[in-house]
Amino acid sequence: MRTISLDLRERILCSYDQKEGNREEIAHRFRVSLGLVKKLLQQRRRTGDIAPRHRYSGRKPFILDSHHRQMKALLGRKPDMTLKELRAAIQLHCTLPAIHYALEKLGLTYKKRRSVPVNRTVRTSPGRAGSGGASRQVLTQPG
């Protein structure tokens, strides 16, 4: 969703201050949601500012860039570390999936890769068998 311009924010609040309608009517008039009008009024009351506050929104990351560098260094020395060992080495107090997602963000995975190329000249499994019903012999005699 796009951020509402500062000009539109000012017009909405000016319209509200001049009592040109209630919050619902102003929201309808400027084609914004009622929630936006309420939040603008609340933000102006609380901070005195009506500018967009995107830098303050969202959850703050728990695993920082410094942790990412430590993870890369540790996995460079010992690439088969488990998530638990990695968490203990960095002394983070977070969940194991959080570390997994941080490693995924770095492009590191736990996918095991073969060190020898796969032999592509010999079949490794027999062909598919039939359904079983068509090739089965009848073992009972009619009668």
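Since the structure is predicted, the reported quantities are computational estimates derived from the model, not experimental observations.

Calculation criteria
- Residues numbered from 1 in each chain as written.
- Predicted model: local features only at pLDDT ≥ 70, side-chain atom pairs only at ≥ 80, totals over all residues.
- Heavy atoms only, no water.
- Helix = DSSP H or I, 4+ residues; strand = E, 2+ residues; numbered from the N terminus.
- Buried < 20%, exposed > 50% of the residue type's maximum accessible area, 1.4 Å probe, protein only.
- Contact = heavy atoms within 4.5 Å.
- Polar contact = N/O pair within 3.5 Å; in protein donor to acceptor, adjacent residues only side chain to side chain.
- Lys, Arg positive; Asp, Glu negative; His and termini not counted.
- Salt bridge = Lys/Arg side-chain N within 4 Å of Asp/Glu carboxyl O.
- Core = buried A, V, L, I, M, F, W, Y, C linked by side-chain atoms within 4.5 Å.
- Expected span 1.5 Å × (residues − 1).
- Arc of directions from axis to C-beta.

*Asks:* Could you give an account of the overall build of the protein, with specific residues and numbers?
*Replies:* Within the protein, the secondary structure is distributed over 6 helices and 0 strands. In the protein, the succession of α and β elements from N to C terminus is α-α-α-α-α-α. Residues counted as buried form 21% of the 143 residues belonging to the protein. For the protein, contacts bridging at least 24 residues in sequence account for 46% of all contacts bridging at least 6.

*Asks:* So, the side chain of Ser-15: which residues are in play, and what are the values?
*Replies:* Of note, Ser-15 is situated in helix α1 (residues 6-17). Exposure remark for Ser-15: the relative accessible area of 3% places this residue in the buried category. Side-chain polar atoms of Ser-15 contact the side chain of Glu-20, separated by 2.9 Å.

*Asks:* Describe the side chain of Arg-9, listing the residues and the values that go with them.
*Replies:* Within the secondary structure layout, Arg-9 lies in helix α1. No salt bridge is formed by the buried Arg-9, whose closest oppositely charged neighbour, Asp-49, lies at an N-O distance of 8.2 Å. When sequence neighbours within four positions are dropped, the list of residues in contact with Arg-9 reads Thr-3, Ile-4, Leu-40, Gln-43, Ile-50, Ala-51 and Pro-52.

*Asks:* Account for the pattern of salt bridges, with residues named and values stated.
*Replies:* Scanning the entire structure with this criterion turns up 4 salt bridges. The partner of Arg-11 in a salt bridge is Asp-7, with the nearest N and O atoms 3.3 Å apart. Here the residue Arg-11 and the residue Asp-7 both occupy positions in helix α1, the gap between them amounting to 4 residues, near one helical turn. What makes Arg-11 partly exposed here is its relative accessible area of 42%. Its relative accessible area of 45% is what places Asp-7 among the partly exposed residues. For the salt bridge of Arg-44 with Asp-17, the shortest nitrogen-to-oxygen distance reads 2.7 Å. Pair noted here: Arg-44 is in helix α3 (residues 34-47) and Asp-17 is in helix α1, with a separation of 27 residues, a long-range link. The exposure class of Arg-44 is partly exposed, given its relative accessible area of 28%.

*Asks:* Which residues make up the nonpolar core, and what values go with them?
*Replies:* Ranked by size, the top nonpolar core spans 13 residues in total, and within it Ile-63, Met-71, Leu-86, Ile-90, Leu-92, Ile-99 and Leu-103 carry the most contacts. Mapped onto this core, the elements with two or more residues apiece are α4 (65-77), α5 (83-90) and α6 (96-105). Setting aside chain neighbours within four positions, we find Leu-86 in contact with Met-71, Leu-74, Leu-75, Met-81, Ile-99 and Leu-103.

*Asks:* I'd like a description of α3, backed by residues and values.
*Replies:* For α3, built from 14 residues, the straight-helix expectation of 20 Å at 1.5 Å per residue is met to within 8% by its first-to-last C-alpha distance of 20 Å. Taken together, the buried positions of α3 are Leu-36, Val-37, Leu-40, Leu-41 and Gln-43. The arc that holds every buried residue of α3, seen down its axis, measures 160 degrees, which confines them to one face. Relative to its buried face, α3 has exposed residues pointing more than 90 degrees away, namely Lys-39, Arg-45 and Arg-46. Those residues of α3 that are buried lie in contact with α1 and α2 (23-30). Count one or two residues on from α3 and you reach Gly-48, which has phi positive near 80 degrees.

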